[in-house]
Amino acid sequence: RRCFCLILLAVCSAALAERPGGRFISLSPSITEIMFAIGAGDLLAGVTTPADHPPEASKKEIVASYDGILFEKIAAMRPRECLTVRGMQSGESLDVLRRLGIRVTEYPVSTLEELIACIVDVGKKCGREAEAGKLADRIRISIDRISKGLQFKKDKAVFLVGLDPAVAAGKGSYLNDLCRAAGFVNVLEKVPPSYSVISFDTIAGLAPDWIILPEGEIGKESREEFVRRIRTINKNIRIGEINADLIMRPGPRVVEGVEKLAELR
């Protein structure tokens, strides 16, 4: 019986997907922020957690979280399309939605240019091309202005996204691109993969000028212990913390994230 219901929902979803208009599902906080930023928040039928920015996002129906996707709930909504960013969900989960007849677009956002391309495409899908174009232009112009205003000297940095274990941003990561825009040289910028576990001794051996941490993602005790240990080796190393949502959530607040990073220098 459950199988029959899923098949019926799939047929209905596929039929709706062929019609113009319709509402969308955001399976990424990044997409949620983008849609509100371009004036398409009213087209969101459902969102994933965390749905904390802008405040209006919290009023939307929750259809997914880090624990998984509510497939039947999404199918019953008969959305025009589900939008997400690469890596937010497993390929298997997205394939389940596709088998239900629901269109899914997964955007790569490992660079600033890919983020801008994502914004522009979401705007086209939502009928907000002009608004998306203006947002994309503001991001390009603002980040270019920040980068040009920096001193020639490039500080070396290690960007850690976690401490237990320590995970560092490397080659091909979105954070690597943000570091470069803010005038830093990521000492792991040529080291794949995008994010990898790194030992304390390796961090110390890289001799960075800065260690940058995502504020709100690391517990106070873990942070204090890490800082104590690293400064027994290099007491002059500087520790910078930036609101995690500004730098780890690709979206319209990226300019604020780059500004905060640049201000550290």
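Since we're looking at a predicted model, the values are computed, not measured.

Colleague: What exactly am I supposed to notice about the pairing of strand 12 (residues 238-243) here?
Modeller: One face of the sheet, then the other: side chains in a regular strand alternate in exactly this way. Pairing geometry for strand 11 (residues 210-215) and strand 12, over 6 bridges, is parallel. Counted as the bridge partner of Ile212 is Gly240 from strand 12.

Colleague: Just to check I follow, could you spell out the side chain of Ser30 for this structure?
Modeller: You can see Ser30 is positioned in helix 2 (residues 29-37). Of the residues examined, Ser30 reaches a relative accessible area of 4% and is grouped as buried. Separated by 2.7 Å, the side chain of Ser30 and the backbone oxygen of Pro250 make a polar contact. Other than its neighbours up to four places away in sequence, Ser30 contacts Val85, Arg249 and Pro250.

Colleague: Honestly, the confidence of the model for the protein chain in this entry has me stumped. Any pointers?
Modeller: On average, residues of the protein chain score 91 in pLDDT, and 91% of them are at 70 or above. Taken together, the stretch residues 1-21 has pLDDT below 50 and engages in 23 contacts with residues farther than four places along the chain or on a different chain.

Colleague: So what exactly am I meant to see when it comes to the packing of aromatic side chains here?
Modeller: To describe a pair of aromatic rings, one takes the distance between the centres and the angle between the planes. Considering all chains together, one arrives at 2 aromatic pairs under this definition. Pairing Phe184 with Trp210 gives two aromatic rings, centres 6.2 Å apart and planes at 85°, and the pair type is edge-to-face. Highlighted residues: Phe184 in strand 9 (residues 184-186) and Trp210 in strand 11, separated in sequence by 26 residues. Accessibility classification places Phe184 together with Trp210 in one group, the buried group. Between Phe200 and Phe226 the ring centres are 6.2 Å apart and the planes differ by 85°, which places this aromatic pair in the edge-to-face class. Taken together, the positions of Phe200 in helix 8 (residues 200-206) and Phe226 in helix 9 (residues 220-233) put the pair 26 residues apart, joining distant regions of the chain. Overall, Phe200 belongs to the buried group, its relative accessible area being 14%. The buried category is assigned to Phe226, whose relative accessible area is 8%.

Colleague: Can you help me understand the nonpolar core in this one?
Modeller: Inside soluble globular proteins, nonpolar side chains tend to come together where they are buried. With 51 residues, the main nonpolar core has Met35, Val122, Phe159, Val254 and Leu261 as its most contacted residues. Examining the composition of this core, we find that 7 residues originate from one element, helix 5 (residues 112-126), more than from any other.

Colleague: It is not clear to me how the packing of helix 2 against helix 5 should be interpreted in this structure. Could you clarify?
Modeller: A pair of packed helices can be characterised by two numbers: the angle between their axes and the separation between those axes. Where helix 2 meets helix 5, the axes come as close as 10 Å, and the angle between the chain directions of the two elements is 60°. Classified by the angle their axes make, helix 2 and helix 5 are oblique. As helix 2 packs across helix 5, the resulting crossing turns out to be right-handed. Within the contact between the two elements, helix 2 uses Ile31, Ile34 and Met35 and helix 5 uses Leu115, Cys118, Ile119, Val122 and Cys126. Grouping the constituent residues of the contact of helix 2 with helix 5 by class yields 8 nonpolar, no polar and no charged.

Colleague: Before we go on, may I ask you to explain the state of the cysteines in this structure?
Modeller: One way to say it: the disulfide is the covalent bond shared by the sulfur atoms of two cysteines. The full count for this structure, using the stated rule, is 0 disulfides. With no disulfide of its own, Cys82 lies closest to Cys126 among cysteine sulfurs, the gap being 13 Å. For Cys126, a relative accessible area of 6% gives the class buried.

Colleague: Explain the sheet that holds strand 2 (residues 44-48) to me, please; I cannot follow it from the model alone.
Modeller: Read from one edge to the other, the open sheet built from 6 strands follows the order 4-3-2-1-5-6, with strand pairing classed as mixed. The sheet is open, and its two borders are formed by strand 4 (68-69) and strand 6 (104-107), each paired with just one other strand. As judged from the 2 bridges shared by strand 3 (residues 61-65) and strand 4, these two strands associate in the antiparallel manner. Bridge pairing links Ser65 to Gly68 in strand 4.

Colleague: Quick question: what am I supposed to make of the side chain of Thr105 here?
Modeller: Mapped onto the elements, Thr105 comes out in strand 6. Only 2.3 Å separates the side chain of Thr105 from the side chain of Glu81, close enough to count as a polar contact. The contacts of Thr105, once residues within four sequence positions are left out, are Glu81, Cys82, Leu83, Thr84 and Lys125.

Reading guide: rules and limits
Residues numbered from 1 in each chain as written. Predicted model: local features only at pLDDT ≥ 70, side-chain atom pairs only at ≥ 80, totals over all residues. Heavy atoms only, no water. Pairing = 2+ DSSP bridges. Helix = DSSP H or I, 4+ residues; strand = E, 2+ residues; numbered from the N terminus. Buried < 20%, exposed > 50% of the residue type's maximum accessible area, 1.4 Å probe, protein only. Polar contact = N/O pair within 3.5 Å; in protein donor to acceptor, adjacent residues only side chain to side chain. Contact = heavy atoms within 4.5 Å. pLDDT = per-residue confidence, 0-100. Phe/Tyr/Trp six-rings, centres within 6.5 Å; stacked < 30°, edge-to-face > 60°. Core = buried A, V, L, I, M, F, W, Y, C linked by side-chain atoms within 4.5 Å. Axes fitted to C-alpha atoms, helices over the stretch in contact; angles between N-to-C directions. Parallel < 35°, antiparallel > 145°, perpendicular 65-115°, else oblique. Left-handed = near helix turned anticlockwise from the far one by under 90°. Nonpolar A, V, L, I, M, F, W, Y, C, P; charged D, E, K, R; others polar. Disulfide = S-S within 2.5 Å.

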